[in-house]
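Report on the structure
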Amino acid sequence: MNKCVIDIKIPDYITVCTDGGEREAAISGDCVQFDDVCVEFAKDGEHCAIFLTAQTSPVRWLKLRWNNMKWEKKAKFLGDAWERGYSDLQWQSMSARRFMPWYFAATYENTTICYGVKVRPSALCFWQVDSAGMTLFMDVRCGGNGVKLDGRRLQTAEVLGSKLTDCTSFAALSDFCGDMCTDPILPSYPVYGSNNWYYAYGDSSEEEILSDTDYIVRLTQGAENRPYMVIDDCWQEHHRLNEYNGGPWTKGNAKFPDMKGLAQKLTAKGVRPGIWVRLLQNEAADIPQEWRLSINGCLDPSHPDALAYIKNDVKRICGWGYTLIKHDFSTFDLFGRWGFEMNPLVTQDGWHFYNEGMTSAEVVKLLYKAILEACNDDTIILGCNAIGHLGAGLMHMNRTGDDTSGLNWERTRSMGVNTLAFRLPQHRKFYEVDADCVGIDYGISWQYNKQWADLLAQSGTSLFVSARPGLLSDSENEELHQIMLTASEQKNHVIPTDWEYTDCPEEWEDTASGIKRKYDWYEKSGVKFKTQAVRYTPYLSIIG
């Protein structure tokens, strides 16, 4: 690998949007002033930091443009996603309408060029490229309104870039992810185990969890590293199946009478206790309305008392003895949209967080930092529906794709394989990647689940199985047993070798261990699909 760090030049053009309207201008120095709004560019070696100051004007977004950039016509481009992937990550030819959150890579022949912003910026950033140059858009709103900085100097982002040759595009992007995040926090042991969501789907009990625990213990017999048994949505006090999956998080329900006692039982059986929680959705009667968001009633982390309340929930769960906390729904609960609805902005106009002086990105980071601070030193934090670029360095693991399935193979194929392949460069650079579970239920043939489980184990990422006890034959159980033993060590690290040509890579290889895999992902009858589309595509549009 030959690497050249790109010297990030000051942009050629800028657009600033405040609540009063848009202003744009060519840039002739390292500072641009629009009335009381000032944007500064500070070079730190080859990197370029962008600073924003405003006295009274609420600022909505900045758009920076670098002109006179030439891209190889044969190049393919890959970007990231706002939060999880929704089976839409892939290398594509250039499109001026495509927006790419956080970073992008362009690859051709033996060269890969990467641009991005360092993790944990204070703006929600996406890139756009065309044959004349590239654009960086930075959303600095507070919720859906302009942020009120009141003279505060805010570093919105730090831009960096690399050009790498004599290496694969995967190796290049993995290296660049390491440049964007220099301080990840990672589990000190391989994380794997069981989570019964994809056959129970919220209809469970303590007795069933203990039965699942016995099953995962049998499946991991001989492993020196103990597996996790993660209790998903089902245990909370106000749980209402298919109706409500929020808090309070102070105790279990009738099917889960003693959460601390259950953690002790799990430990005694030889597993590590893990638990799912949705911290921002909470219908506890003692929560003041002032602590809630106006758009949906969820808790507002920018309110100091609400943040303290959230931290107490986390501390309570840690005190029960759970050493993995999977916090879910935070992006949806903060912004009212799923990732596939963020086209291109993450939330609608017309509302704000309690603290109107904080950008949305700062509020997200505040929440993630609070969760980390509230956890015990030995607790693993797994984000789900989390914004990975803001959570890198604040969470140990990240669920990088939308849900797989125990009922429909096509959902697992499209969501699971896609997100594993195209988020894998982030693995152990940002956090440990969790591409979601292997759902072993009546709806999916073992022929396909066996391959999915094997790929997760061989990739060195976390493998969680949702296996209905009694479904697999003795020989299939033994095959899964061997896969789980591999997952318990995470010694192998296969990567996709055909990822530039498909959104569901079939060819995977680990040159260090000599492992090669060719998977067969497609059912004999072809891809199953819905005839009425309900999701959007990530393209910019002038049509509202």
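Described in the following lines is the structure provided in the data block. What you are looking at is a predicted structure, and each value in this text was computed from that prediction instead of being measured.

1. Things to note about the overall build of the protein
Check the secondary structure of the protein and you find 11 helices and 26 strands. Rg of the C-alpha trace for the protein: 23 Å, near the compact-globule value of 24 Å for 544 residues, within the 12% margin. If you line up the protein on its principal axes, its C-alpha atoms span 70 × 60 × 45 Å. The buried share among the 544 residues of the protein stands at 60%. Considering only residue pairs separated by 6 or more positions, the protein has 72% of its internal contacts joining residues 24 or more positions apart. Accessible area of the protein: about 21,000 Å², with a carbon and sulfur share of 47%. For the protein, the centre of its 55 positive side-chain charges and the centre of its 73 negative side-chain charges are spaced 2 Å apart.

2. Comments concerning the sheet that holds strand β24 (residues 495-496)
Within a sheet, each strand pairs with its neighbour through backbone hydrogen bonds, oriented either parallel or antiparallel. What the three strands build is an open sheet, ordered β24-β25-β26; its pairing is antiparallel. Only two strands of the sheet have a single neighbouring strand rather than two, namely β24 and β26 (515-518). Bridging between strand β25 (residues 507-510) and β26 involves four bridges; their strand directions are antiparallel. Note that in β26 the partner of Asp-510 across the bridge is Ile-515.

3. Let's talk about the sheet that holds strand β3 (residues 21-26)
Read across the open sheet, the six strands follow the order β3-β2-β7-β13-β12-β9; overall the sheet is antiparallel. Unpaired on one side and paired on the other, β3 and β9 (100-101) mark the two borders of the sheet. Here β9 runs beside strand β12 (residues 124-130); their pairing, made up of two bridges, is antiparallel. If you follow Pro-101 over to β12, its bridge partner there is Phe-126.

4. Let's talk about the pattern of salt bridges
All told, the structure shown has 40 salt bridges when counted by the stated rule. Where Glu-40 meets Arg-153, a salt bridge forms, and the shortest distance between an N and an O atom there is 3.0 Å. Taken as a pair, Glu-40 in strand β5 (residues 37-44) and Arg-153 in strand β14 (residues 153-165) lie far apart in primary sequence, 113 residues in all. Two residues, Arg-316 and Asp-313, come together in a salt bridge whose shortest N-O distance is 2.6 Å. Taken together, the positions of Arg-316 and Asp-313, both in helix α5 (residues 304-320) and three residues apart, correspond to about one turn of that helix.

5. Observations regarding the packing of aromatic side chains
Ring pairs (aromatic) are described by centroid distance and by the angle formed between their planes. Counting across every chain of the model gives 32 aromatic pairs. Measuring from centroid to centroid gives 5.8 Å for Trp-71 and Phe-104, while their planes differ by 65 degrees, and the two rings are edge-to-face. Of this pair, Trp-71 sits in the loop between β7 (59-67) and β8 (76-79) while Phe-104 sits in strand β10 (residues 103-108); the two residues are 33 residues apart in sequence, bridging distant segments of the chain. In this pair, the class of Trp-71 matches that of Phe-104, namely buried.

6. A few points about the environment of Ala-361
Summarising the element assignment, Ala-361 is placed in helix α7 (residues 360-374). Using a relative accessible area of 0% as the deciding quantity, one classes Ala-361 as buried. Expressed as a C-alpha distance, the spacing of Ala-361 and Pro-538, which sit 177 residues apart in the sequence, is 20 Å. Residues in contact with Ala-361, not counting those within four places in the same chain, are Pro-121, Ser-122, Ala-123, Leu-124 and Leu-390.

7. Points about the packing of helix α10 (residues 446-459) against helix α11 (residues 474-487)
Contact geometry for α10 and α11: axes closest at 8 Å, N-to-C directions at 15 degrees. On the basis of the axis angle, α10 is roughly parallel to α11. Crossing of α10 against α11: the hand is left-handed. Taking contact as the criterion, the partners of Trp-446, Lys-450, Ala-453, Asp-454, Ala-457 and Gln-458 in α10 are, on α11, Glu-476, Glu-479, Leu-480, Ile-483, Thr-486 and Ala-487. Here the residues of the contact of α10 with α11 sort into six nonpolar, two polar and four charged.

What counts as what
- Residues numbered from 1 in each chain as written.
- Predicted model: local features only at pLDDT ≥ 70, side-chain atom pairs only at ≥ 80, totals over all residues.
- Heavy atoms only, no water.
- Helix = DSSP H or I, 4+ residues; strand = E, 2+ residues; numbered from the N terminus.
- Rg over C-alpha atoms; globule rule 2.2 N^0.38 Å.
- Buried < 20%, exposed > 50% of the residue type's maximum accessible area, 1.4 Å probe, protein only.
- Contact = heavy atoms within 4.5 Å.
- Areas by Shrake-Rupley, 256 points an atom, 1.4 Å probe, with all protein chains shown as cover.
- Lys, Arg positive; Asp, Glu negative; His and termini not counted.
- Charge placed at Lys NZ, Arg CZ, Asp CG, Glu CD.
- Pairing = 2+ DSSP bridges.
- Salt bridge = Lys/Arg side-chain N within 4 Å of Asp/Glu carboxyl O.
- Phe/Tyr/Trp six-rings, centres within 6.5 Å; stacked < 30°, edge-to-face > 60°.
- Axes fitted to C-alpha atoms, helices over the stretch in contact; angles between N-to-C directions.
- Parallel < 35°, antiparallel > 145°, perpendicular 65-115°, else oblique.
- Left-handed = near helix turned anticlockwise from the far one by under 90°.
- Nonpolar A, V, L, I, M, F, W, Y, C, P; charged D, E, K, R; others polar.

Just distances and angles here, no functional claims.
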